[in-house]
Amino acid sequence: MTQMSTLNTITKRLALIATGTFLLVTFAAPLLAQTPAASADAPVVRKKTLMDHFHEGGWVMYPILLCSIGTAYLCWEGANRTSIKKMAPPVHEEQVKNLFRAGDYIGAYDYCKNNPSPLTNTLRVGLSMLGEGKALTEEAMFQQLAKEQSQISTFLSYLSVIGVTTPMIGLTGTVTGMMRAFEGLGTEGIGDPSKLAAAIGEVLVATLSGLAIAVPAFMAYYFLRARMVTGIHHVQDIINDLFRKMPWEALQGAHIGDEELYAALPA
C-alpha cells in the first residue's frame, strides 16, 4: 500500500512537471533564443516579451492556449481517476471483505450502492445476480467492469485528441502567416531579405507551440492508459478473491438488491 501511495504521488508530480514544461517551452523558449548585444558598439536589440511571441503566433495561439489548459486538467484528473486508491479504495475493499466474511451479502450490496467506485459498482452488479448462478454473475460483473474501463478510457482519449489536433492548429497558423509574408513579398518586392526571414521565423512560433503541447499530451495519454489497465487488474484480483468458494447452491434463486424484476409468468 505504501508503494501505491508513492506511485500516486510521483504520478501527480510528473503531471505537474510535464504541464510546466510544455507551457515553458511554448511561451518562454523563444525568449531564451534571443542573443544579447555582443559589445557596446553593437545596436541595442529589444528583447521580445512573452506577449510579443504570443501575438506573433497569430490567432491560432488562442486555441493552442486552451489546449494547454485542457491538457493540464486532463493530466491531473486522469492521474486521480486511474489511481488504485480511486478505483479500489482500501476502505471499500476492507469493508466489503468483512461483510463477505460474515455472509451479509445484503449488507454488502447496500454498502456498495452507497459508496460508488469502480470496485463497488462491479460488486453491486455481481451481488444482485447471485441468485442467477455463477455463469450469469461472472458475465454481469465482466460487463460492468468493461463499462467502468470504457468510461475512464473515454476521458483519457481527449488527451490523444489534443495530441493530434494541436500540431495541425499550429501548422495552420504557420501556413496562413507565410501566405501573408509572401503576399507582402509579391507586392513590395524582395527589399530587405532579413525582414522576410524574420516574418517566417515569427510564424513558426505557432508550429513550435502546437508541438510543445502535443508531445506531453501523447506521453501522458499512454502513461495513464497503462496505469488504468493496472488498476483494472487490481479490481479483478479483489473480485476473484471475494467470489472464491462462493456457496452458489445456497444462494440459488435469491434476490439481493432493490432492482425491479420485470420477468413474470406468461399471461
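About the thresholds
Within each chain, residues carry numbers counting from 1 in the order of the written sequence. Residue-level local features of this predicted model are given only where pLDDT is at least 70; pairs of side-chain atoms are given and counted only at 80 or more, and the full residue set underlies all totals for whole chains, interfaces and linings. To obtain the side-chain values, all non-hydrogen atoms of the structure were used and water was disregarded. As a per-residue quantity, pLDDT reports the predictor's confidence and falls between 0 and 100. In what follows, residue pairs with any heavy atoms lying within 4.5 Å of each other are defined as contacts. Within this document, salt bridges are pairs made up of a side-chain nitrogen of Lys or Arg and a carboxyl oxygen of Asp or Glu, the two lying within 4 Å of each other. For every residue, the accessible area obtained with a 1.4 Å probe (protein chains only) is divided by the maximum for its type, and the residue is called buried under 20%, exposed over 50%, and partly exposed between those limits. Helix and strand labels come from DSSP, where a helix needs a run of H or I of at least four residues and a strand needs a run of E of at least two; each type is numbered from the N terminus. Nonpolar cores were defined as sets of buried Ala, Val, Leu, Ile, Met, Phe, Trp, Tyr and Cys residues, with membership established by side-chain atoms within 4.5 Å. Contacts described as polar in this section are N or O atom pairs within 3.5 Å, which, within protein, must combine one atom able to donate a hydrogen with one able to accept it, while residues neighboring in sequence count only if both atoms come from side chains.

Turning our eyes to something else, we now look at the confidence of the model for the protein chain. For the protein chain, the mean per-residue pLDDT works out to 80, and 71% of the residues sit at or above 70. The model gives residues 22–40 a pLDDT under 50, and that stretch makes 28 contacts with residues more than four places away or in other chains.

The subject of this paragraph is the pattern of salt bridges. This structure, assessed with the given rule, holds 5 salt bridges. The shortest N-O distance in the salt bridge between R101 and E94 comes to 4.0 Å. On the basis of relative accessibility, which here comes to 42%, the residue E94 falls in the partly exposed class. Taking the shortest distance from any N to any O, the salt bridge between R124 and E259 comes out at 3.7 Å. Highlighted residues: R124 in helix α8 (residues 118–128) and E259 in the segment after α11 (248–251), separated in sequence by 135 residues. Judged by its relative accessible area of 31%, E259 is partly exposed.

This part is about the nonpolar core. Judged by nonpolar contacts, the single largest core of 43 residues is most densely connected at F100, L130 and F243. Elements supplying a minimum of two residues to this core: α4 (61–81), α6 (90–101), α7 (105–114), α8, α9 (134–188), α10 (193–242) and α11. Broken down by element, the residue count for this core peaks at 11 residues, all from α10.

This brings us to the side chain of E93. Along the chain, E93 falls in helix α6. The exposure class assigned to E93 is buried, which follows from its relative accessible area of 15%. A distance of 2.9 Å separates a polar atom in the side chain of E93 from a polar atom in the side chain of K97. When neighbours within four sequence positions are excluded, E93 is seen to be in contact with L119, H234 and I238.

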